[in-house]
Amino acid sequence: MNTVDPRTFLSQECLGKVLSIVQFGSSIHTPHPGDIDLCVVTKKGNFFEFLLAKPFASVPASIDVSLVREEEIGNPGSFRFGSHGVHLLLSLREGVALYGENIFLKMPVPTTAQVKASILDRLYDYLYEVRKLETSCKGVESGLRKRWPKFQRLVLFLLDAGDKATFPEVLTVTDSVVEEQFKNYGLQYQHEFTTTGFERIWEIVLAHNSQS
């Protein structure tokens, strides 16, 4: 596990306004992650003072920081994290507290149904990006290529009616496992992103969702 020390880029003054810093995502599970995801939660009533101190001026390029206010942390039903919904709460709960405590452990665990609904909403964001590509005839952005393996694993979780695939553990399964499981749904695992490949998988997801 690759953990970071937030004191290397946040001053003691800034840390005094922070409730919790949680490292989450792929860096928790893989030895060579592309980046390190941190969630910084500011204390109630301290958000603007925290920003005035320009806290992230010295953050290394390999660290991706998401900023949340304590006031924004509610129940799982209303949880939002940028364009992510309650499914990311599970990743945050599995994260490592680098400063303070993991505040997300105090929130109720969302149900599988809530998580699947949240992931389906997230995939609609991907669909928007893909359809923009199809209508603009521009080249594929690196972000879509990068997230393509993750997308297919999210799809596997959505399609698994037997709940053998669990989230976020499904994000770390091997290509061979996804490939084998996809066959059960008439899908072929694709290593390279294409808009057509996305649309074929999306068609199966929608059909499965309308039946559930």
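Going by the structure above, here's the rest.
Everything numeric in this text was worked out from a predicted model, so none of it was measured.

1. Topic: helix α5 (residues 142-159)
Across its 18 residues, α5 extends 26 Å between first and last C-alpha, which sits within 8% of the 26 Å expected from 1.5 Å per residue. At Trp148, α5 shows its strongest bend, of approximately 45°, with the proline Pro149 following within four residues. Looking only at α5, the buried set comprises Leu144, Trp148, Phe151, Gln152, Arg153, Leu154, Val155, Leu156, Phe157, Leu158 and Leu159.

2. Quick look at the nonpolar core
Membership of the largest hydrophobic core comes to 30 residues, with the highest contact counts inside it found for Leu123 and Phe198. Contributing elements (two or more residues each) for this core: α4 (112-136), α5, α6 (175-182) and α7 (195-211). It is α5 that provides the largest number of residues to this core, a total of 9 residues. Residues in contact with Phe198, not counting those within four places in the same chain, are Leu123, Tyr126, Leu127, Val130, Trp148, Phe151 and Phe193. If you look at the next biggest cluster of nonpolar residues, it comprises 15 residues, including Ile73, Phe79, Phe81 and Phe104.

3. Some words on the packing of aromatic side chains
Here the structure, examined in full by the defined rule, presents 13 aromatic pairs. Between Phe79 and Phe81, the aromatic rings sit 6.5 Å apart at their centres with planes inclined by 10°, giving stacked as the arrangement. Judged by its relative accessible area of 7%, Phe81 is buried. Ring centres of Tyr126 and Phe151 lie 5.9 Å apart, and the angle between their planes is 70°; this geometry places the pair in the edge-to-face category. On the criterion of sequence distance, the pair formed by Tyr126 in helix α4 and Phe151 in helix α5 is long-range, its members being 25 residues apart. Chaining the aromatic ring pairs together yields one cluster made of Tyr124, Tyr126, Trp148, Phe151, Phe193, Phe198 and Trp202. Here Lys116 stacks its cationic end above the ring of Phe157, 5.3 Å away from the centre of that ring.

4. Observations concerning the environment of Phe151
Taking relative accessible area as the criterion, Phe151 reaches 2% and is therefore assigned buried. In the structure, Phe151 is positioned 20 residues away from Arg131 in sequence and 15 Å away in space, judged by C-alpha atoms. The contact partners of Phe151, leaving out residues within four places of it in the chain, are Leu123, Tyr126, Phe198 and Ile201.

5. Digging into the sheet that holds strand β2 (residues 36-42)
Strand order in the open sheet made by the 4 strands is β3-β2-β1-β4, with mixed pairing throughout. In the strand order of this sheet, the two ends are held by β3 (63-69) and β4 (96-100), each with one partner. On average, each strand axis in the sheet is tilted by 20° relative to the strand beside it, whichever way the strands run. Across 7 bridges, the pairing between β2 and β3 is parallel. Paired with Val41 across the bridge in β3 is Val68.

What counts and what doesn't
Residues numbered from 1 in each chain as written. Predicted model: local features only at pLDDT ≥ 70, side-chain atom pairs only at ≥ 80, totals over all residues. Heavy atoms only, no water. Helix = DSSP H or I, 4+ residues; strand = E, 2+ residues; numbered from the N terminus. Expected span 1.5 Å × (residues − 1). Bend = angle between axes of the 7 residues up to and from the residue. Buried < 20%, exposed > 50% of the residue type's maximum accessible area, 1.4 Å probe, protein only. Core = buried A, V, L, I, M, F, W, Y, C linked by side-chain atoms within 4.5 Å. Contact = heavy atoms within 4.5 Å. Phe/Tyr/Trp six-rings, centres within 6.5 Å; stacked < 30°, edge-to-face > 60°. Lys NZ or Arg CZ within 6 Å of the ring centre and 35° of its normal. Pairing = 2+ DSSP bridges. Axes fitted to C-alpha atoms, helices over the stretch in contact; angles between N-to-C directions.

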